[in-house]
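A closer look at the structure
Letter by letter, the chains look like this.
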Amino acid sequence: MSKPSLVAAVTHVFQSGWYFTGLDYPALINALYGVGPDLGALQALRVADDVRLFDGNRLALYKAPKVSLSYAEYYFQQLYQEEMTLPDGTVIPERPVYLDIDEFIADMWNKGIRFGIDVAAVKAAMASTKPDRITFATDLEPEKGQDATVVEVSSDLHRSDAPKARADGRIDLQSFQNRFPQIKAHMRLLKKLSPVPGLPGFDLAGRKTDPEPPKDLTLRFLAGEGTEAKMFEDGEYLVSTREGFLSVDAKSNRISITDKIVSLEGVSGRTTGNLQLAGAYEEYGDVQEQREVTGSDITVHGNVYGNINSRGGTVVLDKNLVSGSVHNAAGNINIAGVASNSVIYAANGAITIARAENCVISGGKVKVEEASNCEIIGDEVFIEVAEGCAVAGRNVEMENAGPRRRTEMVIYVLVKDVTQFDQEIAELEQRVAAFAQANEASQREIDRLSALPDVRRYLALAAKLRTQELVLTPEQGQHLKKIAGAVADEVKALQKSQQDLQAGQTQHKLLNDRLLRVIEQKVEAAGIARCGLHMVSGETMVRTMPFAADTTALRALQPKELKARLRGTPSGGELLFADATGSLDWHLNPRLRFASP
């Protein structure tokens, strides 16, 4: 039988003047409205012991309840039956009358209270001799359902802030175990829990009140870069499609897996500890003193007071670097604010700084807008304003340079040491000069012998005979033989000198070509070295500083060693400029060191 049919049947019983005795009210409500504890699979449910006719005299004992919007009240007091005289004259005195819970439920049903009676409270009020107005019935408010939601299904999503265990078994109290977990590809991250409908409520009249429908969600709307919503046999999941780090957009709640870790909390002993990261890192907070951040492609939007170590990519500091350090093994360093009392080192990259004070800066290419009391070295160094700095570079250019208080302004132009070519060049120059001198001597001897009258006449006749301009008679032939015999020694000497000159000229050309090649090799090895000072404002010294191999070894010096090298007493090199005013535009021209052969 359906529940509405059951309600109609019970109503018919009560309105027909009957009531249930031994009524189990919670069981009745469960049977009629489905509210109450789960009774399991029952073939039959016992709700009462019997059905009895409601005595009219008893019915008069029950008054009308006071019904409000969501509850009903009843005034309970001790009732008495009036004194009565029996036909035989027997007088029955006034005596108390007690209400019955089964009758009460039936009467209240007929008066519109068909749900929510607190049987225990009614029984207690009936048993009490003290009059009392109680709330005996209340509406049942609808029970709100559960909106659709997502739950984490992987423990790898959780951070571990426990101290990190080192390889040697010791505990590193400065680092956390796993501050930024790395997500593997095809990992289930979140599971969607479908919405659960709420339970209906009922008013005192037994009318159902439906709950608000629960809200659903579309899991794919949460999928950002590197994630996707995917359906499996046991439900719908948000799954990673690539390896990387978890990123949650605070506005859209979209979840992404990216190559970059994004942090908003800063780097400190309280938030992250020291960081050893496998990928790129972006930090919106500050990096506190003595904190170490190691990774690649590191960006910090706050101030840095600790140490940044990058394996590559670009290190970007949007604010200031104070009493810290930045190292990049294979990339550039960009500092938008002030670098103060810090060490900045880019092994093979470019360094760009807005303003630097009391810093040691070393990189392949260094560009600083304002530098004060710094030690700076690079293959290329460009500074707009430099005060009291010691600067070394192969290509140095400054708009304005000068001392700062008692700190001098020193510039070293790095010139590669190519003296290993000098000995070979000197030897070749000597050999070229010797052949040139010998060739000159041979030419003078040739000229002397060719100028002898008999030799000159013989050579002229011989030339005409070879070209058949002259044909000799037998007598003239005999005469020519006599002339030839007379100058035989001179002609033989002339031929030898000509042979010596030809061999000498060949050797001279070969050696001269070799000398020019060695000189070109030396020029190429020396490379570029220049210094441009647009304006000098105070005592400034510019010198050359020879170096071997390349500048990598110089740039890789420890800060103390680099300071000592640049601030120490100069050794070797050439003084190019020493003045308090003026300008300088100097270019290394190694060819000027060699005389033309």
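Calculation rules
- Here, residues in each chain are numbered from 1, in the same order as that chain's written sequence.
- Side-chain atom pairs in this predicted model are given and counted only at pLDDT of 80 or more, local residue features only at pLDDT of at least 70, and totals for whole chains, interfaces and linings cover all residues.
- Side-chain descriptors were evaluated using all non-hydrogen atoms of the structure, hydrogens and water having been removed beforehand.
- Each helix is a run of DSSP H or I of at least 4 residues and each strand a run of E of at least 2, with the numbering of both proceeding from the N terminus.
- Whether a residue is buried, partly exposed or exposed follows from its accessible area with a 1.4 Å probe, protein chains only, as a fraction of its type maximum: under 20%, in between, or over 50%, in that order.
- In what follows, a contact means two residues having at least one pair of non-hydrogen atoms within 4.5 Å.
- Under the convention used here, a 1.4 Å probe and the Shrake-Rupley method define accessible areas, while residue burial counts only the protein chains that appear.
- Structural elements are reduced to axes, namely lines fitted to C-alpha atoms, with helices fitted over the stretch in contact, and the angle between N-to-C directions of any two is expressed from 0 to 180 degrees.
- What sets the label is the angle itself: under 35 degrees gives roughly parallel, over 145 gives roughly antiparallel, 65 to 115 gives roughly perpendicular, and the rest give oblique.
- Lys, Arg, Asp and Glu make up the charged group, whereas Ala, Val, Leu, Ile, Met, Phe, Trp, Tyr, Cys and Pro make up the nonpolar group; the residues left over, Gly among them, are polar.
- Two strands make a pair as long as DSSP finds a minimum of two bridges between them.
- The way it works is a 1 Å grid over only the protein atoms, where trapped points that fit a 1.4 Å probe form a cavity and open points with protein on both sides within 12 Å along at least five of seven lines form a pocket, and then any residue with an atom within 4 Å of a point lines it.
- Grid points are joined across faces, edges and corners, and a volume is the space filled by probe spheres set on the points.
- Residues grouped as a nonpolar core are buried Ala, Val, Leu, Ile, Met, Phe, Trp, Tyr and Cys residues, joined through side-chain atoms within 4.5 Å.
- The length a helix should cover is 1.5 Å for every residue beyond the first.
- By definition, disulfides here are pairs of cysteine sulfur atoms that lie within 2.5 Å.
- Counted as salt bridges are all cases of a side-chain nitrogen of Lys or Arg within 4 Å of a carboxyl oxygen of Asp or Glu.
- What goes into a patch is any residue over 30% in relative accessible area without a salt bridge, connected to like charges within 9 Å or, for nonpolar side chains (Val, Leu, Ile, Met, Phe, Trp, Tyr), within 5 Å.
- Asp and Glu are treated as the negative residues and Lys and Arg as the positive ones, with His and the ends of the chain left uncounted.
- A pair of Phe, Tyr and Trp rings is counted when the ring centres sit within 6.5 Å of each other, with Trp represented by its six-membered ring. The angle between the planes then sorts it: under 30 degrees is stacked, over 60 is edge-to-face, the rest tilted.
- Both a distance and an angle decide whether a charge sits over a ring: NZ of Lys or CZ of Arg must be within 6 Å of the ring centre and within 35 degrees of the ring normal.

Considerations on the overall build of the chain
Scanning the chain from terminus to terminus reveals 11 helices and 39 strands. Here the chain holds 597 residues, and 39% of them are scored as buried. Taking the intrachain contacts of the chain between residues at least 6 apart in sequence as the baseline, contacts between residues at least 24 apart amount to 48%. Entry remark: accessible area of the chain is about 33500 Å², with carbon and sulfur atoms responsible for 50%.

Describing the packing of helix α1 (residues 3-15) against helix α4 (residues 101-110)
Closest axis-to-axis distance for the α1/α4 pair is 9 Å, and the angle between their directions is 105°. One element, α1, and the other, α4, form an angle in the roughly perpendicular class. Residue-level inspection shows V7, V10, T11, F14 and Q15 of α1 in contact with α4, the latter providing A106, W109 and N110. For the contact of α1 with α4, the class distribution of residues is 5 nonpolar, 3 polar and no charged.

Considerations on the pairing of strand β4 (residues 71-76)
Across 2 bridges, the pairing between strand β3 (residues 66-67) and β4 is antiparallel. Within β4, the residue paired with K66 across the bridge is E73. Two elements, β4 and strand β9 (residues 132-138), share 6 bridges in a ladder whose sense is antiparallel. Pairing of Y71 across the sheet is with T138, part of β9.

So, empty space enclosed by the protein
Applying the stated criterion across every chain yields a total of 2 cavities of 30 Å³ or more. Put simply, the largest cavity is a space of about 90 Å³. If you trace the largest cavity, you find it lined by F76, Q77, Q78, L79, V97, Y98, L99, A125, M126 and S128. By residue class, the composition of the lining of the largest cavity is 7 nonpolar, 3 polar and no charged. Its boundaries defined by the atoms lining it, the second largest cavity holds a volume of some 50 Å³. Around the second largest cavity sit L61, K63, Y74, Y75, F76, Q77, L79 and L99, which together line it. Element by element, the count of residues in the lining of the second largest cavity is highest for β4, at 3 residues. Looking at the lining of the second largest cavity, its residues break down into 6 nonpolar, 1 polar and 1 charged.

As for the sheet that holds strand β17 (residues 227-232)
In sheet architecture, strand pairing relies on hydrogen bonds along the backbone and comes in two forms, parallel and antiparallel. Here we have 4 strands laid out as an open sheet, ordered β10-β14-β18-β17, and antiparallel in their pairing. The open sheet has two free edges, formed respectively by β10 (149-152) and β17, since each of these has just one partner strand. Adjacent strand axes in the sheet meet at a mean angle of 30°, parallel and antiparallel pairs treated alike. Two elements, β10 and strand β14 (residues 188-193), share 4 bridges in a ladder whose sense is antiparallel. Note on β14: the bridge partner recorded for T149 is L193.

Details of the nonpolar core
I344, I361 and M398 are the most contacted members of the largest nonpolar core, which has 53 residues in total. Examining the composition of this core, we find that 5 residues originate from one element, strand β31 (residues 343-357), more than from any other. Look past the residues within four positions of I344 in its chain and what remains in contact with it is L321, V326, I333, I335, A339, I351, I353, C359, V360, I361 and S362.

Details of helix α6 (residues 422-450)
Relative to the 42 Å expected for 29 residues at 1.5 Å per residue, α6 spans 42 Å between its end C-alpha atoms, a close match to the ideal helical length. Listing the buried residues of α6 in full gives I425, L428, V432, N439, S442, I446 and L449.

Quick notes on the state of the cysteines
Taken as a whole and assessed by the stated rule, the structure comprises 0 disulfides. You can see C389 has no disulfide; the closest cysteine sulfur is in C374, sitting 4.8 Å from it. Taking relative accessible area as the criterion, C389 reaches 0% and is therefore assigned buried.

Overview of the packing of α1 against helix α2 (residues 25-33)
Here α1 crosses α2 at 135°, and the two axes come no closer than 7 Å. If you check the angle between α1 and α2, you find them oblique. On α2, the residues touching K3, L6, V7 and V10 of α1 are L28, N30, A31, L32 and Y33. Grouping the constituent residues of the contact of α1 with α2 by class yields 7 nonpolar, 1 polar and 1 charged.

Structural notes on the sheet that holds strand β13 (residues 182-183)
Strand order in the open sheet formed by 3 strands is β13-β19-β20, with antiparallel pairing between adjacent strands. The sheet is open, and its two borders are formed by β13 and β20 (255-258), each paired with just one other strand. Pairing of β13 with strand β19 (residues 244-248) involves 2 bridges; the strand directions are antiparallel. Looking at the pairing, Q182 lines up with F245 of β19.

Brief notes about the pattern of salt bridges
It is possible for side chains of opposite charge to pair when their charged atoms get near one another. Scanning the entire structure with this criterion turns up 16 salt bridges. Residue R46 pairs with D49 through a salt bridge whose shortest N-O separation is 3.3 Å. Accessibility expressed as a relative area gives 59% for R46, which makes it exposed. With a relative accessible area of 53%, D49 lands in the exposed category.

Comments concerning a nonpolar patch on the surface
Side chains of W18, V51 and L53 sit close together on the surface and give an oily, nonpolar patch of about 270 Å² of accessible area. In this fold, L53 is placed in strand β2 (residues 50-53).

Focus: the side chain of R555
Among the secondary structure elements, R555 is positioned in helix α10 (residues 552-555). For the buried residue R555, which engages in no salt bridge, the nearest side chain bearing the opposite charge is D379, 4.0 Å off.

Quick notes on α4
Of all the 10 residues making up α4, 9 are buried; the element is thus mostly covered by neighbouring parts of the structure. Directly after α4, the chain includes G112, whose backbone phi takes a positive value near 100°.

Examining the packing of aromatic side chains
Throughout the structure, instances matching the rule amount to 14 aromatic pairs. The interplanar angle of 85° and the centroid separation of 5.2 Å between the aromatic rings of Y74 and F104 together place this pair among those described as edge-to-face. Note that Y74 is positioned in strand β4 and F104 in helix α4, a separation of 30 residues in sequence. This pair shows no difference in class: Y74 is buried, exactly as F104 is. With 5.3 Å between their ring centres and 75° between their planes, F104 and F136 make a pair best called edge-to-face. Of the two residues, F104 is situated in helix α4 and F136 in strand β9; the sequence distance between them amounts to 32 residues. Residue classification places F136 among the buried residues on the basis of a relative accessible area of 0%. Among the aromatic residues, those joined into a cluster by ring pairs are Y19, F54, Y62, Y74, F76, F104 and F136. Between the NZ or CZ atom of R188 and the centre of the ring of F232, over which it lies, the distance is 3.9 Å. Against the face of Y237 rests R188, its NZ or CZ located 4.5 Å from the ring centre.

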